[in-house]
Amino acid sequence: MGMRRPRSTKNPPVFSHEFFIQNHADIVSCVAMVFVIGLMFQATAPVASLFVTLQNNVTKVNNDTGDEITNYMAGMKDLFCVFFYLLICIVVHAVIQEYILDKLNRKMHLSKVKHSKFNESGQLLAFYGASAVWGADIIIKEGLVNINQLWEGYPHSEISFIVKFFFIMQISYWIHCFPELYFQKVKKDEMSSRIQYAVLYLVFISAAYFLNFNRVALCMIVLHYTVEFVFHLARLLYFAEKIDLANHAFMVFNALFVLVRLGTITLSVLTFWYGLEQTNQPNIDISTGNYNTQMIRINCLAAVCLLQAWMMWNFINFHLRRMRERGAASRKLKSPKKTKSKATEDDISSLPEADQNAATENGIRARRSKKN
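Residues numbered from 1 in each chain as written. Predicted model: local features only at pLDDT ≥ 70, side-chain atom pairs only at ≥ 80, totals over all residues. Heavy atoms only, no water.

Per an unreviewed UniProt entry, the chain goes by the name Translocating chain-associated membrane protein and belongs to Magallana gigas. Reading the Subcellular location (unreviewed entry) entry of the UniProt record for the chain gives the comment "Membrane". (UniProt positions renumbered as here; feature names shortened; annotations may be inferred.)

Undergrad: Help me understand unusual backbone geometry, please; the structure alone is not making it clear to me.
TA: For residues besides glycine, phi is generally negative; the peptide bonds are generally trans as well. Residues Y154 and P155 are joined by a peptide bond in cis, for which omega reads 15°. Relative to the helices and strands, P155 is located in the loop between α5 (112-141) and α6 (161-183). A positive phi angle is found at H109, which is not glycine, with a value near 55°. Tracing the sequence through the fold places H109 in the loop between α4 (78-108) and α5. (Helix = DSSP H or I, 4+ residues; strand = E, 2+ residues; numbered from the N terminus.)

Undergrad: Is there a simple way to think about a positive patch on the surface in this case?
TA: Residues R321, R322, R324 and R326 make up a contiguous surface patch of positive charge. Along the chain, R326 falls in helix α10 (residues 294-349). Looking at R326, the relative accessible area reads 55%, which means it is exposed. (Patch = residues over 30% accessible without salt bridge, like charges linked within 9 Å, V, L, I, M, F, W, Y side chains within 5 Å. Areas by Shrake-Rupley, 256 points an atom, 1.4 Å probe, with all protein chains shown as cover. Salt bridge = Lys/Arg side-chain N within 4 Å of Asp/Glu carboxyl O. Lys, Arg positive; Asp, Glu negative; His and termini not counted. Charge placed at Lys NZ, Arg CZ, Asp CG, Glu CD. Buried < 20%, exposed > 50% of the residue type's maximum accessible area, 1.4 Å probe, protein only.)

Undergrad: Can you walk me through helix α7 (residues 188-210) in this structure?
TA: In an α-helix, one turn spans 3.6 residues, which is why side chains three or four residues apart end up on the same side. For α7, spanning 23 residues, the distance from its first C-alpha to its last is 33 Å, which sits close to the expected 33 Å at 1.5 Å a residue. Every buried residue belonging to α7 is among E190, R194, A198, Y201, I205, S206, A208 and Y209, and all of these are buried. Close packing links the buried residues of α7 with α4, α5, α6 and α8 (214-239). At the exit of α7 stands N212, carrying a positive phi of roughly 65°. (Expected span 1.5 Å × (residues − 1). Contact = heavy atoms within 4.5 Å.)

Structure, rendered in structure tokens:
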């Protein structure tokens, strides 16, 4: 995501930072392979399966067909899976960087600042696009098109394999953004913004997953990721000097951004204020995964609404700042003409009275000749 320095002809020392940064993808892939190979041996398979396979499964028998149905629940063992798929995210990140983004950067000859932003947008574009398509497919397959399904049957403590795997990958990806700050040598002035949005994603997605609000969170994630995909696509088009396409993409982003903020608030109000109110519980029941208390619902609703308001505030301030900058730039373009006319008037006023009259008459004749 940040600026990658070209490798020097001299190999750095094995235990140095430079060696680890240059070869971090190979090192991480070797660590991941240790867990995969551990599944092949009976002695290590129980430990390796904690990292590779999803945990906290619940198997039930369908009374109608007699088939076994395996669902999953959230639990502390998920941290092992998060660690393993965190390694996978680092490897995939390095593959996209080396085989796609670095090759494009060499062709485009971007500056250091644009180079870093181009890498960031390229990585996020791939993640947002894949996650939005994956999440939309889950929504259709799980039958969440009907909005009543967002709160009916809560607690949604038992989820399918694909839903659990989706949230594990989301948590793993946003955790992997922190070591990537070191691996990609991100500058200090760029770290704060990247840490900020990574922390927000991690906190909200993890809270929704462990509090069993996964259905409404899935819908909000798909909406938000779709908008972010359009934004980073427009950003990449701008860096590629496709100005017309970038302007159209930014216009689409501006419209979708506002609509998605309203849609997210609407979903949160319908789910936390109206839908879950019908099955409100006085106390938390951790054994069944029921967190539908008034305190938790109000806090969740307030957190979502405040986040949307904060994002909208930043969006409005950004566009107001752009308007002021454009106004200042337009005034600078007009100012040379004004200063030139004022200079000629000052030069005329410094002449004697007879010469002033002659200069004024000459000016009038010159303007009349231009009109004719």
